[in-house]
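Understanding the architecture of this molecule
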Amino acid sequence: MTGGSIHQLFEERARRAPDHIAAITDSDRINYERLNDDAGQLAAYLTTNAGLPDSGSTVAICTRRPAEVLVSILAVLKAGHAYAVLNPSTPAQELHRLLGLARAGAVITNESLLPRVDDGHGRTAICLDTDATAIAHAGPALRDSAGGTPGGPAAVLFTAGTTGSRTAVPTGHDRLLAAYAAWSEVYGLSPEDRLLVTAPPATTEFTGGWIRALCSGATLVLPERPITAERITAEQVTVAEMSPATAALLLDEELPSLRLLAVGGAPLRLDEQLRLQGLLPATGARVLSVYGTTEVAGCGTWFEPEQLPGPVANPERAAYLGLPFPGCAAELRKGQVWLSPPEGGDAVPTGDAGRRQGEGPIEFRGRTADRVTIDGRTVDTYRIETALADHPHIQDVVIAGDRGRTGSRLIAFVVPSSGAPFGAAPEASSLRARLSGLVPAGDVPEAVVRIRELPTNAAGKVNREQLPLPPIPGAVRASGKSGTGEDTTEGAIAAAVGVSAGFLAAVFTGVIFPGATDVSGVPAPWNALFVLLYLAEWLAFAVGMGFLAVGRGVMLRRSESRGLTAAAHLAIVYLLVAWWPQDNLYRLTAKTDWPRQAALVWAFNVPLMIAALIVMIWVVASLPAVKKRDK
């Protein structure tokens, strides 16, 4: 399908059925006529107030409400420009970088978000809330438009950034039209369908979702809160699109209204796909695992179990990418998956490994970037993960090296299953027994970290940069919310050590430093201030000793340098602990006892300055690693 523009398919649907519901949000139901009018009104305002050329520019969209994003997308297309959707929760520095990558000439946003999107480049900002009156009186709405040159730019999509910084991918009308034709053939959408899209608006998955729904005359369901099986049934959703993590939440719920469940963002394990299939009681209901990179607008391959020539011995260890969408192509080059865009063009590498037996579907074999180097050899972490998929006490597992890339040891990040013993995580010995004969002996993880859930990015893919790092090689530790570094075991150890140290400091101050805390000769209210000072010193000593016990592990999760981190860890401990002996010795030293005064200065004050300098160096050196994980 070439020629024309993607939004013209929507406009045709609006002419045919103006009263049909186009979009359902948590707070509104918008029919096709209203959606077309609202988008046309905003498009008219854009053409006269955005300060852009007649066509071909990029307009960024950064707003929190999905309905506003949808209206803005259609308005930008009607005005003849390309859109780029940005997540308003993105850190400001990264948001500014993405605006630059998109070469946005204007931005549609809200008044409250202006400080975040203003990067000092003087872009025109259109605020949907404070400019609402001006937009409503901008002039005749652009209802039917030929905006956009056939083959010209329609959107700037952003990669997920799973293995590095996010990049911009300009996408034209021809590619989106060809993708829509391919999706239509596989999905078979009709105006009677209600399509649920759970992906955030700033993702490629959202772009595919709105196109599939609105260009087919169907109803687009956009939840603003976490989706539930009850909501799917209540809204009579017939087609749902979600990530494997979201689908996993529905594994124990029946979904009677669904005829099609499409799972994308990350490959779906075959056993999960078969289980989801059993939750769709409707005759002929289907579960698809869809796969496609941003470079092909998300239109790459699709898989359902019927593509397999026969049963699979271990479905929990297999995930399939399937066959190409109509008009697309998928091939293996030296074990790596390459996809061709739906409208043709050069094949692009996906960074994923795969294999195929005969003419069957492509089997997913992990991301090449997730492999790690241990002692000079490359370890296929995906092979280890699939071998552990049927472990009775493991719900999800990710295998990584130190810092999730290259390291001296392998670490298993484990989400325990609901049937696992309370508070327990499989030990390395348990994993060794499970992996025996399935992977080389050197590929058995040396450490196990228990986390509540795997950290994911906006597209639902595992964010390995946010995995916590155990402080001691071989340690089994329990982590709180993944990616935050919060650790209940470390907290308990720190509290126990700190309370004990603070108590002992308070008890033995008078023994070690006789008379140092005597305030009998100090008049009120100054005596109370000195007592508070002593309490603060004991507290600082307690915190310092607690931090001595667990602080290095906490700091290692924020820095790439072990040596500098060890020095900064001890420096912080010194800054806290030294106040207790230092102040007590100062109080017991005569002001004119110059030898002792000099000794105290050199023994305490100079090391304090050095410690502060080390901490400053560590903070500055750690900033690049922290920013990298925040992307």
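Reading guide: rules and limits
- Residues numbered from 1 in each chain as written.
- Predicted model: local features only at pLDDT ≥ 70, side-chain atom pairs only at ≥ 80, totals over all residues.
- Heavy atoms only, no water.
- Axes fitted to C-alpha atoms, helices over the stretch in contact; angles between N-to-C directions.
- Helix = DSSP H or I, 4+ residues; strand = E, 2+ residues; numbered from the N terminus.
- Parallel < 35°, antiparallel > 145°, perpendicular 65-115°, else oblique.
- Left-handed = near helix turned anticlockwise from the far one by under 90°.
- Contact = heavy atoms within 4.5 Å.
- Nonpolar A, V, L, I, M, F, W, Y, C, P; charged D, E, K, R; others polar.
- Buried < 20%, exposed > 50% of the residue type's maximum accessible area, 1.4 Å probe, protein only.
- Polar contact = N/O pair within 3.5 Å; in protein donor to acceptor, adjacent residues only side chain to side chain.
- Pairing = 2+ DSSP bridges.
- 1 Å grid on protein atoms, 1.4 Å probe; cavity = no way out; pocket = protein on both sides within 12 Å on 5 of 7 lines; lining within 4 Å.
- Points joined across faces, edges and corners; volume = space filled by probe spheres on them.
- Core = buried A, V, L, I, M, F, W, Y, C linked by side-chain atoms within 4.5 Å.
- Salt bridge = Lys/Arg side-chain N within 4 Å of Asp/Glu carboxyl O.

**With respect to the packing of helix α1 (residues 6–16) against helix α2 (residues 32–49)**
- With their axes 8 Å apart at the nearest point, α1 and α2 run at an angle of 135 degrees to one another. Between α1 and α2, the interaxial angle falls into the category oblique. Judged by the twist between their axes, the crossing of α1 over α2 is left-handed. Along the contact surface, α1 presents Phe10, Glu11, Arg13 and Ala14, while α2 presents Tyr32, Leu35 and Asn36.
- Among the residues forming the contact of α1 with α2, the class breakdown is 4 nonpolar, 1 polar and 2 charged.

**Let's talk about the side chain of Glu537**
- Inspection of the secondary structure assignment puts Glu537 in helix α15 (residues 526–556).
- Apart from the residues within four sequence positions on either side, Glu537 is in contact with Trp579, Trp580, Asp583, Asn584 and Arg587.

**Some details on the environment of Arg259**
- Tracing the chain through its elements places Arg259 in the loop between α10 (244–248) and β12 (260–263).
- By relative accessible area, Arg259 is classed as partly exposed at 25%.
- Linking Arg259 and Arg286, residues 27 residues apart in sequence, is a C-alpha distance of 6.2 Å.
- Leaving out residues up to four positions away in the same chain, Arg259 has contacts with Tyr187, Gly188, Leu189, Asp193, Thr238, Val239, Gly284, Ala285 and Arg286.
- A distance of 2.9 Å separates a polar atom in the side chain of Arg259 from a polar atom in the side chain of Asp193.

**A short note on the pairing of strand β19 (residues 362–367)**
- Counting buried residues in β19 gives 5 out of 6 residues, a clear majority hidden from the surface.
- Relative to β19, strand β15 (residues 320–324) is paired through 2 bridges, and the arrangement is antiparallel. For Tyr320, the partnering residue across the bridge sits in β19 and is Glu363.
- Hairpin remark: strand β18 (residues 348–355) followed by β19, antiparallel, with 6 residues in the connecting loop; positive phi at Gly358, about 65 degrees.

**Considerations on the layout of surface pockets**
- Counted as a void, the second largest pocket has a volume near 420 Å³.
- Surrounding the second largest pocket, 21 residues form its lining, Val312, Ala318, Tyr320, Arg355 and Glu363 being those nearest its centre.
- Where the lining of the second largest pocket is concerned, the elements lending two or more residues are β19 and α12 (381–387).
- Counting residues per element, the lining of the second largest pocket draws most heavily on α12, which supplies 3 residues.
- Taken together, the residues of the lining of the second largest pocket break down into 10 nonpolar, 5 polar and 6 charged.

**Digging into unusual backbone geometry**
- Backbone torsion omega between Ala524 and Pro525 reads 0 degrees, so that peptide bond is classified as cis.
- Note on placement: Pro525 falls in the loop between α14 (488–512) and α15.

**Re the nonpolar core**
- Grouped together as the largest cluster of nonpolar side chains are 68 residues, with contacts concentrated most on Leu35, Ile73, Tyr83, Tyr187, Trp210, Leu214 and Phe325.
- For this core, the leading source of residues is helix α3 (residues 66–78), giving 9 residues.
- For Ile73, the contacting residues outside a window of four places in its chain are Ile61, Tyr83, Val85, Phe206 and Trp210.
- Core analysis: the second largest hydrophobic core is formed by 22 residues, Ile227, Leu258, Leu261 and Leu276 among them.

**Some words on the pattern of salt bridges**
- What the rule picks out here adds up to 29 salt bridges.
- Close ionic contact of Glu12 with Arg15 constitutes a salt bridge, the shortest N to O distance being 2.4 Å. Of the two residues, Glu12 and Arg15 both sit in helix α1, 3 residues apart, roughly one turn of that helix.
- Under the relative-accessibility criterion, Arg15 is labelled partly exposed at 45%.

**Notes on the pairing of β18**
- Pairing geometry for strand β17 (residues 336–340) and β18, over 3 bridges, is antiparallel. Paired with Leu339 across the bridge in β18 is Val348.
- Relative to β19, β18 is paired through 3 bridges, and the arrangement is antiparallel. In the strand pairing of β19, Asp352 is matched with Arg367.

**Re the packing of α1 against α3**
- Contact geometry of α1 with α3 gives a least axis separation of 9 Å together with a crossing angle of 110 degrees. Between α1 and α3, the crossing angle belongs to the class labelled roughly perpendicular. By crossing handedness, the relation of α1 to α3 is classed as left-handed. Across from Ile6, His7, Phe10 and Glu11 in α1, the residues of α3 making contact are Leu74, Leu77 and Lys78.

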